[in-house]
Amino acid sequence: MESLIKTLPAILSAAGQSAEVAEAACFAAWKHAVGAGLTNHAVPLKLENQTLIVAVADNIWQRQLEQIRPQLLFRLNTVLGHSLVKLVELRIDPNALPKKRIPQGAPNQQP
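All values derive from a computational prediction rather than experimental measurement.

A. Spotlight on the pattern of salt bridges. Within the structure shown, the criterion is met by three salt bridges. With a closest N to O distance of 3.2 Å, lysine 46 and glutamate 48 form a salt bridge. For lysine 46, a relative accessible area of 31% corresponds to the partly exposed category. The class of glutamate 48 is partly exposed, set by a relative accessible area of 38%. A salt bridge links arginine 69 to glutamate 66; its shortest N-O distance comes to 3.8 Å. Arginine 69 gets classed as partly exposed once you look at its relative accessible area, which sits at 23%.

B. How the structure looks around the packing of helix H3 (residues 59–67) against helix H4 (residues 69–80). As a packed pair, H3 and H4 sit with axes 4 Å apart at the nearest point and diverge in direction by 70°. Taken together, the axes of H3 and H4 are roughly perpendicular relative to one another. Of the residues in H4, those in contact with Leu65, Glu66 and Gln67 of H3 are Arg69, Pro70, Gln71 and Leu72. Each residue belonging to the contact of H3 with H4 can be placed in one class, and the counts come to three nonpolar, two polar and two charged.

C. Region of interest: the side chain of threonine 51. Topologically, threonine 51 is positioned in strand S2 (residues 51–56). For threonine 51, a relative accessible area of 13% corresponds to the buried category. Ignoring anything within four residues of it in the chain, the contact list for threonine 51 reads Lys46, Leu87 and Glu89.

D. Looking closely at H4. In this model H4 runs 16 Å from its N-terminal to its C-terminal C-alpha over twelve residues, within 8% of the 16 Å that 1.5 Å per residue would give. For H4, the set of buried residues is Leu72, Leu73, Leu76, Asn77, Val79 and Leu80. Here the buried residues of H4 occupy an arc of 155° about the axis, which is enough to place them on one side. Summarising the geometry of H4, the exposed residues directed more than 90 degrees from the buried face are Pro70, Phe74 and Thr78. At the C-terminal side of H4, glycine 81 shows a positive phi close to 75°.

E. Focus on the confidence of the model for the protein chain. Mean pLDDT over the protein chain stands at 85; residues scoring 70 or higher make up 87%. Within the protein chain, the element-level pLDDT minimum falls on helix H1 (residues 2–15), averaging 78, and the maximum on S2, averaging 97. With pLDDT under 50 throughout, residues 101–106 is counted as low confidence; its partners more than four residues away or in other chains account for two contacts.

F. Representation of the sheet that holds strand S1 (residues 42–48). Taken in spatial order, the three strands line up as S1-S2-S3 in an open sheet, and their pairing is mixed. Strands with a single pairing partner mark the edges of an open sheet, and in this sheet they are S1 and strand S3 (87–92). Across the sheet, the mean angle from the axis of one strand to that of its neighbour is 30°, orientation sign disregarded. Pairing geometry for S2 and S3, over six bridges, is parallel. What sits directly across from valine 54, in S3, is leucine 90. Packed onto the sheet, H3 meets S1, S2 and S3 and runs at close to 165° relative to S3.

Cut-off values and rules
- Residues numbered from 1 in each chain as written.
- Predicted model: local features only at pLDDT ≥ 70, side-chain atom pairs only at ≥ 80, totals over all residues.
- Heavy atoms only, no water.
- Salt bridge = Lys/Arg side-chain N within 4 Å of Asp/Glu carboxyl O.
- Buried < 20%, exposed > 50% of the residue type's maximum accessible area, 1.4 Å probe, protein only.
- Axes fitted to C-alpha atoms, helices over the stretch in contact; angles between N-to-C directions.
- Helix = DSSP H or I, 4+ residues; strand = E, 2+ residues; numbered from the N terminus.
- Parallel < 35°, antiparallel > 145°, perpendicular 65-115°, else oblique.
- Contact = heavy atoms within 4.5 Å.
- Nonpolar A, V, L, I, M, F, W, Y, C, P; charged D, E, K, R; others polar.
- Expected span 1.5 Å × (residues − 1).
- Arc of directions from axis to C-beta.
- pLDDT = per-residue confidence, 0-100.
- Pairing = 2+ DSSP bridges.

Below you can see the structure in the form of structure tokens.
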């Protein structure tokens, strides 16, 4: 994965104005920029007009990420090697987040 991340700037340059490539690159860069701990709580949904729309679980996560939004934006664009994203929009959408997996052998628990 690390070697893919390092090639993102070259891929974006070679792709030119391809919106699909830009969006895929942003999704890959997001995972790298935010780290593994945050990927279960904030998931990119789409890139639209240089705005990366990210789903979060609830208003608590939304407020927390709003506080570090400038750092997230900086890290994201640093990984991309381009100022591709101008804004990160945080939307509450728990259904877009990955479902928590129950470890094998663990009893099923009702919430």
